Amino acid sequence: MTGTAGSPSDAWAAFEARLAKALQGMEHATYLVVSLASEPRSVASAYVQFAQGGLLGFRAEAAGNQWLPQGHGLGTAQQEKLAELGWQRPGSAPEGRNWAREWEEPVPFAEVAAIAVQTLREVYGATTPDELAYRVGGFPAHSGPVPDPELGIPRDRPSPDEPAAAVVGTRTHPAPEPDEAVAALEAALSEFVSGADLVPDRDGDLPIRVGSALMFVRPVSGRPPLLQLFSPLVSGVDMTPALLDSLNDINRSILFGRVFWAEREVVVSMELTAVGISAKQIAFACVQLGNLADHLDDVLRGRFGGRTMFEVPKTLVN
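Let us look at the structure shown here. (Residues numbered from 1 in each chain as written. Predicted model: local features only at pLDDT ≥ 70, side-chain atom pairs only at ≥ 80, totals over all residues. Heavy atoms only, no water.)

Considering the packing of helix 1 (residues 8-24) against helix 3 (residues 109-123)
- Where helix 1 contacts helix 3, the axes come no closer than 8 Å and their chain directions differ by 130°. Between helix 1 and helix 3, the interaxial angle falls into the category oblique. For the pair helix 1 and helix 3, the sense of crossing is right-handed. Of the residues in helix 3, those touching helix 1 at Trp 12, Phe 15, Glu 16, Leu 19, Ala 20, Leu 23 and Gln 24 are Phe 109, Ala 110, Val 112, Ala 113, Ala 114, Ala 116, Val 117 and Arg 121.
- For the contact of helix 1 with helix 3, the per-class residue count stands at twelve nonpolar, one polar and two charged. (Axes fitted to C-alpha atoms, helices over the stretch in contact; angles between N-to-C directions. Helix = DSSP H or I, 4+ residues; strand = E, 2+ residues; numbered from the N terminus. Parallel < 35°, antiparallel > 145°, perpendicular 65-115°, else oblique. Left-handed = near helix turned anticlockwise from the far one by under 90°. Contact = heavy atoms within 4.5 Å. Nonpolar A, V, L, I, M, F, W, Y, C, P; charged D, E, K, R; others polar.)

Next comes the structure, spelled out in structure tokens:
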């Protein structure tokens, strides 16, 4: 960027440098949201947000139309600009309501910051960094306080009379109690399994058979509350460099979930925030993870041995 001293271009260049440093310093399982400040606070505003997943990758999102105020949605030109900047269009998955990009290590933080600043300026219309605010927090896997980054913009702090809330983009929703998450889960699964009875196991997980795989679904309390889906793919396998290379290849190629080895077992897992989630979104996640598990268990057993849950022909979830 170029400009004379004290110009808007200089201000943006300085903010971009601070943002790159803040992104590089993000701890594992934390997030950072940079949004256009809005009044009143109950009105959602445009934003870019970042999540540090460590070995699972670094993810950035730009607000999609679902999270923008009515009458302020993205037009064709704005969406074309987002695509030009490399953002991938929102999909139909629960986590796919925003434009998104992901990077593996080593993350080019200066490039990520530059894309974010261009998005805030050229897509969402921010004229100076003074119009921005930020919010930070940690996911359930993070322990301890999340340090404030030195961005030179104010922190978006909820007012004292606002209820505790979970962040979804920059729109806030009162975090549902665990019973609400359970109710949404049961409503989704009753449709998903076509009326079959679901009986929790001794850990409280709901098992669902998908072909030769067995998928489990559980609500996880906390703020935000989560829904976790997981399936043991093969058991009785040792950790070897070849197995880890194969799991890395799978994680690079799949769009939903992740696979990992633990205690001589390979597992595929996915977590979803339960804030504002619908039965249809949960059912979609079950379809994705169930079919993925039913495919991967046979592939991994064929290459590395071990045992799958069931020895049956493939049955895809519809």
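Focus: the packing of aromatic side chains
- This model, assessed by the stated rule, comprises five aromatic pairs.
- Seen from their ring centres, Phe 216 and Phe 230 are 5.3 Å apart, and the 20° between their planes marks the pair as stacked. Placement of Phe 216 in strand 9 (residues 213-220) and of Phe 230 in strand 10 (residues 226-235) is noted, with a sequence separation of 14 residues between them. The pair Phe 216 / Phe 230 is uniform in exposure class, with both members buried.
- Members of the aromatic cluster, connected to one another through ring pairs, are Phe 50, Phe 58, Trp 103 and Phe 109. (Phe/Tyr/Trp six-rings, centres within 6.5 Å; stacked < 30°, edge-to-face > 60°. Buried < 20%, exposed > 50% of the residue type's maximum accessible area, 1.4 Å probe, protein only.)

Things to note about the packing of helix 2 (residues 76-84) against helix 3
- One way to put it is that helix 2 packs onto helix 3 with a least axis distance of 10 Å and a crossing angle of 165°. Classed by the angle they form, the pair helix 2 and helix 3 counts as roughly antiparallel. Where helix 2 crosses over helix 3, the handedness of that crossing is right-handed. Here Gln 78, Lys 81 and Leu 82 of helix 2 come into contact with helix 3, specifically with Gln 118, Thr 119, Glu 122 and Val 123.

Things to note about the nonpolar core
- In this structure, Leu 19, Leu 23, Leu 32, Val 34, Phe 50 and Tyr 124 are the most contacted members of the largest nonpolar core, which totals 44 residues.
- Put simply, the parts of the chain that give this core at least two residues each are helix 1, strand 1 (30-36), strand 2 (47-52), strand 3 (58-62), strand 4 (99-103), helix 3 and strand 5 (132-138).
- Setting aside anything within four residues of it in sequence, one finds Val 34 in contact with Phe 15, Leu 19, Ala 46, Tyr 47, Val 48, Phe 50, Leu 120, Leu 132, Ala 133, Tyr 134, Leu 151 and Ile 153.
- Of all hydrophobic cores here, the second largest spans 27 residues; its members include Val 217, Leu 233, Ile 282 and Leu 300. (Core = buried A, V, L, I, M, F, W, Y, C linked by side-chain atoms within 4.5 Å.)

Observations concerning the pairing of strand 11 (residues 258-262)
- Sheet topology places strand 11 next to strand 12 (residues 265-273); five bridges connect them, and they run antiparallel. Looking at strand 12, one finds that Trp 261 is bridged to Val 266.
- The turn joining strand 11 and strand 12, which pair antiparallel and follow one another in sequence, is formed by two residues; a positive phi near 50° is taken by Glu 263. (Pairing = 2+ DSSP bridges.)

Some remarks on the pattern of salt bridges
- In the structure shown here, the tally under the stated rule is ten salt bridges.
- Note that Asp 238 and Arg 264 form a salt bridge whose closest N and O atoms lie 2.8 Å from each other. Pair noted here: Asp 238 is in the loop between strand 10 and helix 5 (241-253) and Arg 264 is in the loop between strand 11 and strand 12, with a separation of 26 residues, a long-range link.
- Accessibility expressed as a relative area gives 47% for Asp 238, which makes it partly exposed. (Salt bridge = Lys/Arg side-chain N within 4 Å of Asp/Glu carboxyl O.)

Side note on the environment of Tyr 47
- Relative to the elements of secondary structure, Tyr 47 occurs in strand 2.
- Judged by its relative accessible area of 0%, Tyr 47 is buried.
- In this structure, the C-alpha to C-alpha distance between Tyr 47 and Val 34, residues 13 residues apart in sequence, is 5.5 Å.
- A distance of 3.1 Å separates polar atoms of two side chains, one belonging to Tyr 47 and the other to Asn 98. (Polar contact = N/O pair within 3.5 Å; in protein donor to acceptor, adjacent residues only side chain to side chain.)

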